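As a plain string of letters, each chain reads:
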Amino acid sequence: MRGDSEIDLGPPKRLALLALLLLRAPGPLTVGEAVDILWDDEPPPSAVNVVHRHIGALRRTLEPHLRSRTHAEHLVRAADGYRLLVDTSASDLLRFRGLRAQAQLAVKRGATAQAAQDFVEALRLWRVPVVAAGTTVARHPVFTSVGHEFVATVKEAADAVLTAAPTLTEEVLTVLRHAVENHPFDEALHSRLIAALSVTGRQAEALRQFEDIRGALAEELGVEPGPELRAAQQRLLQRRAPQHPVARLSQPQQADRPAQLPPDCLSFTGRRQPLSQCQELLLPQGECQSPTMTAVICGMAGVGKTTLAVHWGHMVADHFPDGQIYVDLQGHHSSRAPLDPAEAIVEVLGALGADSGSPHASAAALAAAYRTALGGRRLLLVLDDAEDCEQVRPLLPSTPGCLAIVTSRRRLEGLAVTDNARIITLDPMPREEGLELLDRRLGTDRIRSEYEAAVEIVELCGGLPLALAVAATRTLLRPCLPLASLAARLKDIEDRLDAVSGRDSRANTRGAFHSSYEALSSSAARLFRLLSLHPSRDITMSAASSLAGTDPRRTRQDVAELMDHCLLVELGPGRYTCHELLRTYAREISSLLDAPSVRSEALSRMFEHYMYSADAATALLAPHRSAIILPPPGPGVRPQRFVGHADAAEWIVAEQYLLPEIVRSISHYPRGEAFRRQLTSALETCLGSTGY
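Predicted, not measured: the structure shown is a model, and the values here were computed from it. (Residues numbered from 1 in each chain as written. Predicted model: local features only at pLDDT ≥ 70, side-chain atom pairs only at ≥ 80, totals over all residues. Heavy atoms only, no water.)

Caption draft 1: The arrangement of the overall build of the chain in detail. Helix and strand counts for the chain stand at 32 helices and 11 strands. Burial statistics for the chain: of 692 residues in total, 50% are counted as buried. Expressed as a percentage of contacts within the chain between residues at least 6 apart in sequence, the contacts between residues at least 24 apart total 71%. For the chain, the exposed surface amounts to about 31900 Å²; the carbon and sulfur share of it is 52%. (Helix = DSSP H or I, 4+ residues; strand = E, 2+ residues; numbered from the N terminus. Buried < 20%, exposed > 50% of the residue type's maximum accessible area, 1.4 Å probe, protein only. Contact = heavy atoms within 4.5 Å. Areas by Shrake-Rupley, 256 points an atom, 1.4 Å probe, with all protein chains shown as cover.)

Following this line, the structure appears as structure tokens:
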């Protein structure tokens with residue numbers, strides 16, 4: 001609206017784009033995210049241009065007298081996208097969120113009556129749908145997650161009103177009816193609706209409400225009502241009528257319906273693909289058996305596994321009416337041992353208000369009590385930082401409707417084999433998402449004014465969220481220093497890890513890497529250290545074998561272990577890579593733990609590996625060139641073997657940037673001048689044979 005006139009915003013995609021900007025405000029919306037959301041299938045080649053044209057049209061609509069976009073006050077450029085500059089006075093959604101946060105703080109202070117007022121005021125602002133109902137865009141998780149905020153607020157409002165503000169019961173009852181219509185299988189909503197009907201004297205309607213939802217659950221999902229609904233029915237049948245209507249209604253629910261998720265990360269951004277993979281885990285409407293009840297989010301230390309799991313858990317909390325349970329398994333804790341599975345089971349039983357039996361109960365008795373407690377419930381279990389499969393298996397649900405999200409620095413492939421777990425690998429952020437993270441933490445103005453330095457920081461941090469968050473925080477604490485100074489620190493290999501490592505254990509990138517390193521076998525740890533001597537981030541299996549001086553079988557086992565711990569990633573068949581910050585850490589510990597002679601011998605084997613590999617490739621590709629007489633390879637050197645011309649040419653193409661670096665590094669080679677000449681000649685001949 002502009003004054004009393006309704007503004008024509010144009011076609012549906014433009015309207016949806018404005019809705020996206022409003023949902024993201026005050027944060028940025030990247031162009032890539034807009035394209036992914038606005039086109040549900042393969043976007044056309046012109047998609048990016050279409051987004052830019054819609055942005056221009058929206059800017060002219062919002063500021064009709066604007067002469068230049070550089071002077072825009074409402075819709076401005078952000079890192080790789082746009083930002084809508086609105087506050088609570090201009091955005092009902094921001095006002096809604098502000099009131100909800102205010103109410104939640106009041107609940108924590110014990111001011112439940114004030115919280116009820118704030119919750120209800122927030123709900124008065126709600127208008128649905130957020131985007132036109134029936135469109136494909138409306139079903140996107142970005143918009144459905146806002147609907148989840150509404151449902152969660154309705155539940156919070158009902159609890160506060162029924163506990164301490166009975167005069168608002170009729171108003172919250174109206175909102176509950178509307179929420180139940182749109183979420184017909186949400187038992188937590190139904191239990192609160194039954195409670196509200198009961199305290200307003202509508203006992204018969206409350207009982208009909210229970211029978212209706214019980215019938216729907218049985219017919220559509222094949223399940224019986226959960227403990228919260230059953231408790232609501234019992235209170236009705238017993239006709240308990242306390243002076244303060246639901247002061248006692250919500251108390252028994254708390255043990256039955258835990259809400260243990262840690263706070264959501266306010267600066268969460270990106271991660272569209274893994275979030276979409278998580279959404280696929282939800283039980284489809286009308287189905288009573290999900291294809292999987294376990295998902296494993298794996299990835300290297302600091303990549304944001306816990307942040308993703310918790311964020312998604314908050315997004316979908318209303319899909320699990322019996323609650324959300326969070327267990328820190330301490331698999332890689334800096335000072336505590338991994339949690340024993342029996343201790344974890346006792347934690348979950350306690351959260352559900354269930355008796356764990358004798359303190360010395362056997363594993364079988366605990367497992368039986370655990371299965372019984374989860375039976376008939378729909379729970380979300382977040383099992384954070386798992387050490388290995390054996391720690392997790394006793395905690396996995398076997399009840400339809402329950403879902404376990406496991407995070408681990410290990411791939412936990414065994415859970416996919418034995419428990420049909422879905423493995424979701426979380427990679428470092430691409431540049432666009434890394435810039436958006438910095439934008440969220442530092443502000444659009446700073447990123448726009450120092451864009452090149454911001455890009456450099458993202459690249460030097462390798463898109464690792466923990467490193468970016470620490471770097472951004474340190475920049476905020478020293479606002480007078482330009483981003484270029486931080487980029488300069490990150491370029492210095494000696495200072496790089498210090499720049500992204502705080503004193504707090506949860507903000508210490510070096511410490512996070514160290515706890516992963518500590519979990520390795522001695523052989524895999526040695527290979528990890530020596531890999532830092534290699535000039536390139538990617539390396540073949542045979543080159544790794546030569547560098548470590550180990551036989552191929554041992555090397556394969558060590559590489560497999562490093563991959564299992566997410567310290568190496570397979571780029572393609574037989575070729576592996578390591579994150580640059582991990583290489584920096586490996587270089588540090590190698591200089592501390594490996595004697596100079598060990599490092600020198602590893603370098604010698606590496607140089608010989610490439611000399612003999614280049615000589616073998618040249619013999620296949622340029623057999624008429626003058627041969628180089630080479631001495632036998634030293635102990636532990638295992639050159640690359642080629643099966644034909646194509647294999648040799650493919651190797652040279654893959655190593656075309658590394659081989660010149662090897663030639664330049666010969667000045668540091670520890671053997672005599674004659675051998676250096678042979679190495680140089682072999683490599684240069686190899687490169688020259690294919691024009692490189």
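Let's pick the thread back up.
Caption draft 2: Quick peek at the sheet that holds strand β3 (residues 81-84). Overall, antiparallel pairing links the 3 strands, which are arranged β1-β3-β2 in an open sheet. What marks the edges here is a single partner per strand, and that holds for β1 (28-30) and β2 (75-78). With strand direction ignored, the average angle separating the axes of adjacent strands in the sheet is 35 degrees. (Pairing = 2+ DSSP bridges. Axes fitted to C-alpha atoms, helices over the stretch in contact; angles between N-to-C directions.)

Caption draft 3: Spotlight on the packing of helix α20 (residues 451-460) against helix α22 (residues 483-491). Where α20 meets α22, the axes come as close as 9 Å, and the angle between the chain directions of the two elements is 30 degrees. Relative to α22, the element α20 is oriented roughly parallel. In terms of crossing hand, the pair formed by α20 and α22 is left-handed. Counting all contacts with α20, which are made through Ala453, Ala454, Glu456, Ile457 and Leu460, the residues of α22 involved are Leu483, Ala484, Leu486, Ala487, Leu490 and Lys491. For the contact of α20 with α22, the class distribution of residues is 9 nonpolar, no polar and 2 charged. (Parallel < 35°, antiparallel > 145°, perpendicular 65-115°, else oblique. Left-handed = near helix turned anticlockwise from the far one by under 90°. Nonpolar A, V, L, I, M, F, W, Y, C, P; charged D, E, K, R; others polar.)

Caption draft 4: Up close: the sheet that holds strand β11 (residues 575-577). Taken in spatial order, the 3 strands line up as β9-β11-β10 in an open sheet, and their pairing is antiparallel. A single partner strand is all that each edge strand has here, and the edge strands are β9 (538-540) and β10 (569-572). Each neighbouring strand pair of the sheet contributes to a mean axis angle of 35 degrees, computed without reference to strand direction. Note that β10 and β11 share 3 bridges and pair antiparallel.

Caption draft 5: Structural detail: helix α18 (residues 431-442). Over its 12 residues, α18 extends 16 Å from the first C-alpha to the last, a length consistent with the 16 Å expected when each residue adds 1.5 Å. Among all positions of α18, only Glu433, Gly434, Leu435, Glu436, Leu437, Leu438, Asp439 and Leu442 are buried. Gly443 sits one or two residues past α18 and shows a positive phi near 100 degrees. (Expected span 1.5 Å × (residues − 1).)

Caption draft 6: Focus on the pairing of β3. Judged from the 3 bridges that link them, β1 and β3 form a sheet pairing that is antiparallel. Bridge pairing in β3 links Thr30 to Gly81. Of the pairings in the sheet, the one linking β2 to β3 comprises 4 bridges and is antiparallel in character. From the neighbouring strand, Leu75 faces β3, where its bridge partner is Leu84.

Caption draft 7: Spatial organisation of the nonpolar core. In terms of nonpolar packing, the biggest core is built from 93 residues, with Trp312, Ile405, Leu438, Ile457, Phe513, Phe528 and Leu562 touching the most fellow members. The contacts of Leu438, once residues within four sequence positions are left out, are Gly443, Ile447, Ala454, Ile457, Val458, Leu468 and Ala472. In terms of nonpolar packing, the next biggest core, distinct from the first, is built from 68 residues, Ile37, Leu99, Leu189 and Leu236 among them. (Core = buried A, V, L, I, M, F, W, Y, C linked by side-chain atoms within 4.5 Å.)

Caption draft 8: Structural context of the side chain of Asp318. Within the element layout of this structure, Asp318 appears in the loop between α13 (305-315) and β5 (324-328). Of the buried charged residues, Asp318 lacks a salt bridge, with Lys155 as the closest side chain of opposite charge at 5.6 Å. Excluding anything up to four places from it in sequence, Asp318 contacts His148, Val151, Lys155, His183 and Asp186. (Lys, Arg positive; Asp, Glu negative; His and termini not counted. Salt bridge = Lys/Arg side-chain N within 4 Å of Asp/Glu carboxyl O.)

Caption draft 9: Focus on unusual backbone geometry. One non-glycine residue, Leu412, lies in the positive phi region at around 50 degrees. With respect to the secondary-structure elements, Leu412 resides in the loop between β7 (403-408) and α17 (413-419). On the basis of relative accessible area, Leu412 is assigned to the buried category, the value being 3%. One non-glycine residue, Asn420, lies in positive phi territory at about 55 degrees. Relative to the helices and strands, Asn420 resides in the loop between α17 and β8 (422-425).

Caption draft 10: Geometry of the environment of Glu387. Position of Glu387 among the secondary structure elements: in the loop between β6 (380-386) and α16 (389-392). Judged by relative accessible area, Glu387 falls into the partly exposed class, the value being 31%. Sequence separation between Glu387 and Ala337 is 50 residues; the distance between their C-alpha atoms is 10.0 Å. Setting aside its immediate chain neighbours within four residues, Glu387 contacts Gly331, Pro338 and Arg410.

Caption draft 11: Just the pattern of salt bridges, in detail. Applying the stated criterion across every chain, the model contains 32 salt bridges. For the salt bridge of Glu211 with Arg214, the shortest nitrogen-to-oxygen distance reads 2.6 Å. With a gap of 3 residues between them, Glu211 and Arg214 both fall in helix α9 (residues 203-221), about one helical turn apart. On the basis of relative accessible area, Arg214 is assigned to the partly exposed category, the value being 31%. With its nearest N and O atoms 4.0 Å apart, the salt bridge here joins Glu580 to Arg496. Note that Glu580 is positioned in helix α28 (residues 580-593) and Arg496 in helix α23 (residues 496-499), a separation of 84 residues in sequence. The network of salt bridges with common partners includes Arg496, Arg537, Glu580 and Arg583.

Remember that the coordinates give geometry; whether it matters functionally is a separate question.
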